Structure formats: C-alpha cells, structure tokens
Amino acid sequence: MTDITSHREGQGAGRRGGGTDALLLGFAISGLLWILSIPDRGLYMLNEWDIPALADGLLLAPDAHWQDWFTRGYSHFWDVYPEWPPGHAAFTRPAFQFLIYLAHFALDRDWASYQIISCFAAAGMAAVAFHIARTALGLRGGLSLLAAILVLLSPPVVESWLRGLAFGIDPLAAVIAAGAFLSVVARRDFLCLMLLFLALLTKENAVWAPLVAAITIMLRPKPDEPLRRQAFAAVTMFLPVVMWLGLRFAFFDGIGGTYATAYAPVADFLGQTFVKLTHMNTLFVPRHAFVTEGRWALLDRTITIGTKVVIYALLSLWALRIVPETVKHVRYAMREMRWPRVDVPFLATLWAAIALAFYFALPLSSERYAAPVVMFAWPALVAEIERRRKKTIWLSIAVCCLVSLTGTSNRLLVWRAESARGQVNQMEAALRQVPMAVRQVYILSSEGRHDSHPEYVRRVLGVSAEIVRVIDINWECGKSSDLVAFDRSTVDGVVHMTATLPDCANFVFNFGRIDGTMIANGSLYRSATMSYELPEAHPIRATQWWEPAVYFGRKVTVHVRPNGPARFIIQHGAADGIAWFDTP
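Residues numbered from 1 in each chain as written. Predicted model: local features only at pLDDT ≥ 70, side-chain atom pairs only at ≥ 80, totals over all residues. Heavy atoms only, no water.

Caption draft 1: Region of interest: the packing of aromatic side chains. Per the counting criterion, the structure on display carries 26 aromatic pairs. Where Phe-568 meets Phe-581, the ring centres are 4.9 Å apart and the plane angle is 5°; that geometry is what we call stacked. Taken together, the positions of Phe-568 in strand 12 (residues 566-571) and Phe-581 in strand 13 (residues 578-583) put the pair 13 residues apart, joining distant regions of the chain. Ring pairing ties together the aromatic residues Tyr-81, Trp-84, Phe-509, Tyr-532 and Phe-552, which thus form one cluster. (Phe/Tyr/Trp six-rings, centres within 6.5 Å; stacked < 30°, edge-to-face > 60°. Helix = DSSP H or I, 4+ residues; strand = E, 2+ residues; numbered from the N terminus.)

Okay, here's the thing in structure tokens:
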C-alpha cells in the first residue's frame, strides 16, 4: 500500500499559492489568445457550427423559451431541410447554451467576439494543467509551466480554439471535469458533485468523470471515515449520470440516435479504434510541423516520425511504472479484501487513463474529443520525465515542445490564409442584400458554411425574408468558366427552374434524409409548394451517416409556388459568382 503522507510533504510548496498562480496564468494566456485572434475576428464568417449554437443559446428560434435548453437542446442542429430532418437525436447542453446567453449581454450581435469563450476555455486547459502539475504532482513552477504550454499547444486545444465558439465546448467541459478531480482528491465531495453536474450539462463527453470520481473516493478515504459513509459518497457521484439519463429519456428518447453512438458497422468502429491506437501521437503534438508539400515535405515527414517515436516512448515509460503499481494495488485489494489507499499522482494517472479509454470508446476520430486526455496526461508525462532525470528524455521533450510551437504557428497561419481567401462569403453577402419587400429567398448554394436550419440562418444573419434551401451543389470545379446553367419560367404563379451543372459538380441535399424510395420516376415531392424532377437520380450505398443514399446527378428542375415576392439566388450562376432573379 502506498501511503499518501510522504507525498503531501513534497507538495507543500506547490500548494501554497498554486491556485493564484494558475488563475493568473489562465488570464494571461486568454489575453494572449484574444490578441492573436484579432486578425481572425476581422476575417470571421459565421459557419454551420456556430449558427445553431448561437440560435439555440440566444433563444432565437420561434417561440423559444429558456426551458428549451433542457427539453429541446440542439434539436435542429442539422435540419438544413426541415421537411427531411436527418433523424439524429439532439444533444442537451444547457450550461453551454446559458453561457452563450450570458455573453450576449456584453457582445450583442458581434458574433466574432464570441470567440472569447473559446479563448477562455483553451486558457483554462493550460491553467488547470499547471495547477494539476504543481499541486497534485508536486512539480516545480518551471516544470508545471512546461506542462501547461504542452497542453496549450496540443492538437485538441489548438483545434478547438481555432474553430471558434462551437468547438470551445470540448475544452470547457474538460476544465470543469478537472475541477471535479481537484475537488475530489481534496475530498470536497459536494463541490465535486456540483462540478460533475455542470460538466455533464456542458457536454455529454464528460459522462466518464462521475465514474472515476466515485473510484477516487474509494481510493482516498478521509481520516477515520467509515466505509459505509465512504461508499455513500462514492455512489452520490453518479447522480449527474442519473440526471443526464433522465433528460435523455424524458425529452430525447434515450441515449442512442446520435453520431456519437453510431457504432455500426462494427468493422468500421474497430478500424477507427486501430487508427487511434496507432496515431496516439497526434493527440499530443501536431500531425505536421511544417507542410506536406514542397521542399519542407521530407523534413516534415522526418519530424513526424521522430515525434511519434518520442511520444510512444514516453507513454511506454509511463506505463512501465504505472502498470506494476496498479497490479500491486489490485493484489492488495484482493488479499486484504479492502480498497487500497493511493497517492495523488496515481489518481491523476487514473483520470488520464479513464479519459483515454472513453476517447477510444467513442466512434469519433477527431482529436478535439481527447481534450481531457492531454490535460491529465501531459503533466503526468512531465512528472515521469523529471523522476527519471535523463538528458536524452529532456532533449526529446524539448523537441516535442519546439515541434508543437512550430506546428501550431503554421496551423494558425494556414487557417488565417484560408479565412482570408474566403473572406467574401458570396452567399452571405447576397442574403444580406435581399430587399425588405421580398417575402422568400430561395437559394442553390455550394457553400457549407450555412448548413443549419434556414430559420436559424435568417435570424442570426438578420435577414427579413424567409430562407428556403432549394438544393445544394457539390462544387469541385477550379475554372472560372465553369458555371451553373439555368433557365426559368413562371406559369400561374408557379416558378419552373431548370439548373444544369458542369461535369465537375453534382447536386446534393446536405443532411437531408432522402432515400431511393422517395423518388418515383425521377420525381421528388417536398411540400405543397415545392417539388423536383431529378432525371439522373439513383440510389447509392452510403458508408457514413452523413453521406447521401442517392446520387442526384447534375440536372434538376424545381417547381416552386412562392408566397409573395421572391428572389432566387444561384451560386456559380454568373462569372462573378452569384446570379439571381426576382419573381413578383
């Protein structure tokens, strides 16, 4: 059995002022990130993730009430075509939606400034990692700062920060879960319980935290605490899960039906798990330090291989120490028939291991879902390096830090360049210019930035006319001479429009749940005011939930009966990018 008393003495210096230092570090990093994001705010464009987050959080939906945060959640997140919803159950994230609601009192409709939430979330990841390293693992200030920097530069944090408001939810939930860890190791059980409630109401990915919190209580009893009271405290940690399950079953028909529970086909899930296992380095350091093409490509591949070896070596060294210790504790429990008492570093490892196991259990491959993994693992890895005191290992970690800094800098520059190239969002500009007299605006778009419920898009953009998506264009053409050919006529109030795409494009209904049985003789009925003729449509096999089950071809004729004056907008319909016409 490992006694925690000796470890407490080694942590004394770290505990004094650790919370204040971490708080100051968090504010300093959030200020730095805010400054770095200033050019991005000038290039900011609303996207398909931020629009529903803003609309749901600010209660912009028709007849919306605050209860909708709990009872409806993100019900219309992907309802691009409301008549054909994708059929996925909604998520419930009322705490995050409430945070957006609070932010609007200061930011109003300055949508670009809502990225401050992501800045605070990313900075919180670094600050909490610093606090864990200094107080829980007893590291010196410099090493704790190193762990914080490595967490801040890790792909899960960088990706969440760069992609803006909607993706700030992942590090935010991880920070709250880390607060639960710090509370439970100090046996502030009620504070831990409240933080677990908050974490689960922020994002469902924190569902692993109550389990490990309960185990932590059993492994870290208070002095002279009866086993019955200890077990009762551990069981109460599952109350947030009960609450979450109650919300899911009461309002969302259970826990299935989301893209986060799409385990079929099993072979794909197992293949994805294997990819995660063989690419764990991409959780800790950027996938590319430089670029994948040109004169730097060879150096980039060499560095990628080198950092992969370093990360797996560090994880192996960490495991070589933790596994025997775990076995010892298990043997003690089996021999003595009682829970062992463990030290805080072992508990930090336990939280990292269960967070990693949950990441592998998700049928999702994005690194951003591993935010809590790097937040716990990097401080533990730095502690392991300090314990071994090998110059070679220190050199390796220095290389990882340099690669992370270089890769993050290049990622930021590439992201900024991509945003600058797409700064003029033609469809958004066209929507904002719709006259007040127009009642409806029908769009054929190739931009996926507004793949959200049309009513959400209308209210967030401040467009007076009703927005109706006619069909989407999968545009893979590079020549400016490639245009959408279209003609139209109006007979008895019905607009008949035929559009034909070049060979490098095809029509799709993004996130619209349409199968071959809905198309009869090339005709597709949508509503009493809209129908389609799709002569080239035929069923195809979809391997992922977001992929269409029908190939719609390059030609469509749509029949629309507008309700008053209307405007039709066709992207790539003219040499300058946008064509439009009005109907009385």
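Caption draft 2: How the structure looks around the packing of helix 7 (residues 116-136) against helix 9 (residues 155-162). In the contact formed by helix 7 and helix 9, the axes pass within 9 Å of each other and the chain directions differ by 165°. Judged by the inter-axis angle, helix 7 sits roughly antiparallel to helix 9. In this structure, helix 7 crosses over helix 9, and the sense of that crossing is left-handed. Note on element contacts: helix 9 touches helix 7 through Val-157, Ser-160 and Trp-161, opposite Ser-118, Cys-119, Ala-122 and Met-125. (Axes fitted to C-alpha atoms, helices over the stretch in contact; angles between N-to-C directions. Parallel < 35°, antiparallel > 145°, perpendicular 65-115°, else oblique. Left-handed = near helix turned anticlockwise from the far one by under 90°. Contact = heavy atoms within 4.5 Å.)

Caption draft 3: Broad picture of the confidence of the model for the protein. With 93% of its residues at a pLDDT of 70 or more, the protein has an overall mean of 88. Highest mean pLDDT in the protein belongs to helix 11 (residues 189-202) (97); lowest belongs to helix 1 (residues 5-15) (39). Across residues 1-17 the pLDDT falls below 50, and counting only partners more than four positions away or on other chains, this stretch makes 27 contacts in the model. (pLDDT = per-residue confidence, 0-100.)

Caption draft 4: Looking closely at the pattern of salt bridges. The final tally for this structure, using the stated rule, is 25 salt bridges. A salt bridge links Arg-187 to Glu-225; the nearest nitrogen and oxygen atoms lie 3.0 Å apart. Pair noted here: Arg-187 is in the loop between helix 10 (169-185) and helix 11 and Glu-225 is in the loop between helix 12 (209-219) and helix 13 (227-236), with a separation of 38 residues, a long-range link. The exposure class assigned to Glu-225 is buried, which follows from its relative accessible area of 14%. Put simply, Arg-321, Glu-325, Glu-384, Arg-387 and Arg-388 are held in one network by salt bridges that share partners. (Salt bridge = Lys/Arg side-chain N within 4 Å of Asp/Glu carboxyl O. Buried < 20%, exposed > 50% of the residue type's maximum accessible area, 1.4 Å probe, protein only.)

Caption draft 5: Highlighting the environment of Ile-570. As for its placement among the helices and strands, Ile-570 is situated in strand 12. Residue classification places Ile-570 among the buried positions, given a relative accessible area of 0%. Considered as a pair, Ile-570 and Val-560 are 10 residues apart in the sequence and their alpha carbons are 15 Å apart. When neighbours within four sequence positions are excluded, Ile-570 is seen to be in contact with Leu-444, Val-484, Phe-486, Met-497, Gly-577, Ile-578, Ala-579 and Phe-581.

Caption draft 6: View of the packing of helix 11 against helix 14 (residues 239-251). Running from N to C, helix 11 and helix 14 point in directions that differ by 30°, and their axes come no closer than 9 Å. Judged by the inter-axis angle, helix 11 sits roughly parallel to helix 14. In the crossing of helix 11 with helix 14, the sense of the turn from one axis to the other is right-handed. For the pair helix 11 and helix 14, the contacting residues are Leu-193, Leu-196, Phe-197, Leu-200 and Leu-201 in the first and Leu-239, Pro-240, Val-241, Met-243, Trp-244 and Leu-247 in the second. Broken down by class, the residue content of the contact of helix 11 with helix 14 amounts to 11 nonpolar, no polar and no charged. (Nonpolar A, V, L, I, M, F, W, Y, C, P; charged D, E, K, R; others polar.)

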